Amino acid sequence: MREGEMKQVEGGETAYWTWHMAAGVAIFALLGLHMTTMHLGGLTGLFVAYPTEQAVSPANSHTRDASLFLTVVYILLLGLALYHGLYGLRTMLFELTLKPATEQAVTTALVVVGLLLLGFGTWAAVAAHQGAAYHIASPEAVYVGG
Amino acid sequence: MNEKHYPNSLGIWGWLGGGRWGLERYAYVLHRLTGLGLVVYLLMHVFVTALRVKGIYLWTDGRFFDRPAFRVGEFLVFAAFAYHALNGLRLVLVELGLAVGRPLEPVYPYKSSIGVQRPLFIAMMALAALLLLAGGAEFLGLVK
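Quick look at the structure, then. (Residues numbered from 1 in each chain as written. Chains lettered and ligands numbered in written order. Predicted model: local features only at pLDDT ≥ 70, side-chain atom pairs only at ≥ 80, totals over all residues.)

**Re the overall build of chain A**
As a reminder of what qualifies: Counting from the N terminus, the helices are the DSSP runs of H or I reaching at least four residues and the strands are the DSSP runs of E reaching at least two. Burial is judged by counting the other C-beta atoms within 10 Å of a residue's own C-beta: 20 or more makes it buried, 12 or fewer makes it exposed, and any count in between marks it as partly exposed, with every C-beta position built from the backbone. Here, residue contact means that the backbone-derived C-beta atoms of the two residues sit within 7 Å.
A count of helical and extended segments in chain A gives five helices and zero strands. Helices and strands appear in chain A in the N-to-C order α-α-α-α-α. Residue burial in chain A is summarised as follows: out of 146 residues, 25% are buried. Contacts in chain A between residues far apart in sequence, at least 24 positions, make up 56% of those at least 6 positions apart.

**Some words on the overall build of chain B**
A count of helices and strands for chain B gives four helices and zero strands. Along chain B, helices (α) and strands (β) appear in the sequence α-α-α-α when read from the amino end. Within chain B, the fraction of its 144 residues that count as buried is 15%. Considering only intrachain contacts with a sequence separation of at least 6, the fraction spanning at least 24 residues in chain B is 56%.

**Quick notes on the interface of chain A and chain B**
Across the contact, 30 residues belong to chain A and 26 residues belong to chain B. For the side of chain A that touches chain B, the elements supplying multiple residues, two or more each, are α1 (11-39), α2 (41-44), α3 (58-65), α4 (68-94) and α5 (100-137) of chain A.

**Quick look at unusual backbone geometry**
The omega torsion across Y108 of chain B and P109 of chain B is -5 degrees, close enough to zero to call that bond cis. Mapped onto the fold, P109 of chain B is located in the loop between α3 (68-95) and α4 (114-139).

**A look at the packing of α3 of chain B against α4 of chain B**
In a packed pair of helices, the relevant descriptors are the angle between the two axes and the axis-to-axis distance. Residues and elements named next belong to chain B. Basically, it comes down to this: Each axis is a line fitted through C-alpha atoms, and for a helix only the stretch in contact is used; angles between axes span 0 to 180 degrees, taken between their N-to-C directions. By definition in this entry, angles of less than 35 degrees are roughly parallel, angles greater than 145 are roughly antiparallel, angles of 65 to 115 are roughly perpendicular, and the rest are oblique. Each crossing gets its hand from how the near helix is turned against the far one by less than a right angle, where anticlockwise is left-handed and clockwise is right-handed. Following the grouping adopted for this structure description, the nonpolar residues are Ala, Val, Leu, Ile, Met, Phe, Trp, Tyr, Cys and Pro, the charged ones are Asp, Glu, Lys and Arg, and the polar ones are all others, Gly among them.
Where α3 contacts α4, the axes come no closer than 9 Å and their chain directions differ by 155 degrees. Taken together, α3 and α4 sit at an angle that is classed as roughly antiparallel. With respect to the hand of their crossing, α3 and α4 are arranged in right-handed fashion. Here α3 contributes R71, F75, F78, A79, A82, Y83, L86, N87, L89, R90, L93 and V94 to the contact with α4, which in turn contributes Q117, L120, F121, M124, L127, A128, L131, L132, G135, G136 and F139. Grouping the amino acids of the contact of α3 with α4 by side-chain chemistry returns 17 nonpolar, four polar and two charged.

**So, the packing of α4 of chain A against helix α2 (residues 23-50) of chain B**
At a closest axis distance of 10 Å, the pairing of α4 of chain A and α2 of chain B adopts a crossing angle of 130 degrees. Between α4 of chain A and α2 of chain B, the angle is such that the two are oblique. The chirality of how α4 of chain A crosses α2 of chain B is left-handed. Along the contact surface, α4 of chain A presents A81, G85, G88, L89 and M92 of chain A, while α2 of chain B presents R32, G35, L38, V39 and L42 of chain B. Residue composition of the contact of α4 of chain A with α2 of chain B, grouped by class: six nonpolar, three polar and one charged.

**Topic: α3 of chain B**
All names here are of chain B. The following threshold applies: The span one expects for a helix is its residue count, reduced by one, times 1.5 Å.
Given a rise of 1.5 Å per residue, 28 residues ought to cover 40 Å, and the 40 Å separating the end C-alpha atoms of α3 matches this to within 8%. For α3, the complete set of buried residues consists of F78, F81, A82, Y83, H84, A85, L86, N87, G88 and R90. After α3 finishes, the residue G97 shows a positive phi value of roughly 75 degrees.

**What about the environment of P100 of chain A?**
Residues and elements named next belong to chain A. By the secondary structure assignment, P100 is in helix α5. On the neighbour-count criterion, P100 (7 C-beta atoms within 10 Å) is exposed. Counting along the chain gives 43 residues from P100 to S57, while the straight-line C-alpha distance between them is 48 Å.

**Some words on the nonpolar core**
The condition is simple: Defined on buried residues, the nonpolar core groups Ala, Val, Leu, Ile, Met, Phe, Trp, Tyr and Cys residues joined through C-beta atoms within 7 Å.
L77, L80, A81 and Y83 of chain A are the most contacted members of the largest nonpolar core, which has 17 residues in total. Put simply, the parts of the chain that give this core at least two residues each are α1, α4 and α5 of chain A. It is α4 of chain A that contributes the most residues to this core, nine residues altogether. F78, A82, A85 and F121 of chain B belong to the second largest nonpolar core, which has 10 residues in total.

**Let's talk about the environment of F28 of chain A**
Structurally, F28 of chain A can be placed in helix α1. Between the C-alpha atom of F28 of chain A and that of A109 of chain A, which follows or precedes it by 81 residues, the distance is 26 Å. In this view, F28 of chain A contacts A85 and L89 of chain B; residues no more than four positions away in its chain are not counted.

**A short note on the environment of T36 of chain A**
Residues and elements named next belong to chain A. Within the element layout of this structure, T36 appears in helix α1. Through-space distance from the C-alpha of T36 to that of P100 is 42 Å; in sequence the pair is 64 residues apart. Ignoring any residue separated from it by four or fewer positions in sequence, one finds T36 in contact with T44 and L46.

So this is what it looks like as structure tokens:
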């Protein structure tokens, strides 16, 4: 790069930043629902099947796991939160003016970490949903988990 | 080229109050700190909540995370979410040009978009405070 030239922002970065903002707005809605359920459940009664217990009790958690809607919401929220958070972390790290090879390594590492966590979290959500749905469909069955 | 050097009369207070450290600058720093905190919490949260697949609920019935220190930490996470989300909404509005006012010709006395952004920031923080009050009631056990 010659003196006086400005580093051109690659076209992809604008798209990533736009998705970062869009994910933030979506997370506001979905995480707001999650926080309302977990911490304002006593006030709202939202997704609280057993009002006499805490919203985070195993019974209420089990009931929410059986809900396909909430399972999909959790998986979506996980994906959006991982993208939003890890992209934000990448942005902060890039402000250290790293070498291009280091930037690429950071990006690759965060993508790998994000995909691994998304896969693991999706598996956990689906497994919890299947276990909870089985237990509710067969109340006489002993829930052993897994 | 003549250069003038002015002594740092603020001393150590320059770290906190020196330079262009306005309200929005502090909001920016806090937004990043809460964001980092939420990312760290998320990574842990995924693993802890995944244990429920094995019937392990670490946050109930006197188990590891059912302790006062972790309850305080949980409230801090809720507070971080409230601040980060509402300040983030403000940033999105500003980024899209919806909260910066109309473009004006730079004629003295100059007008700044701060007249639009600052009330928006205060409104967002008021909403965050309301959220904290509602969430705090649950953490204090006033509601289940």
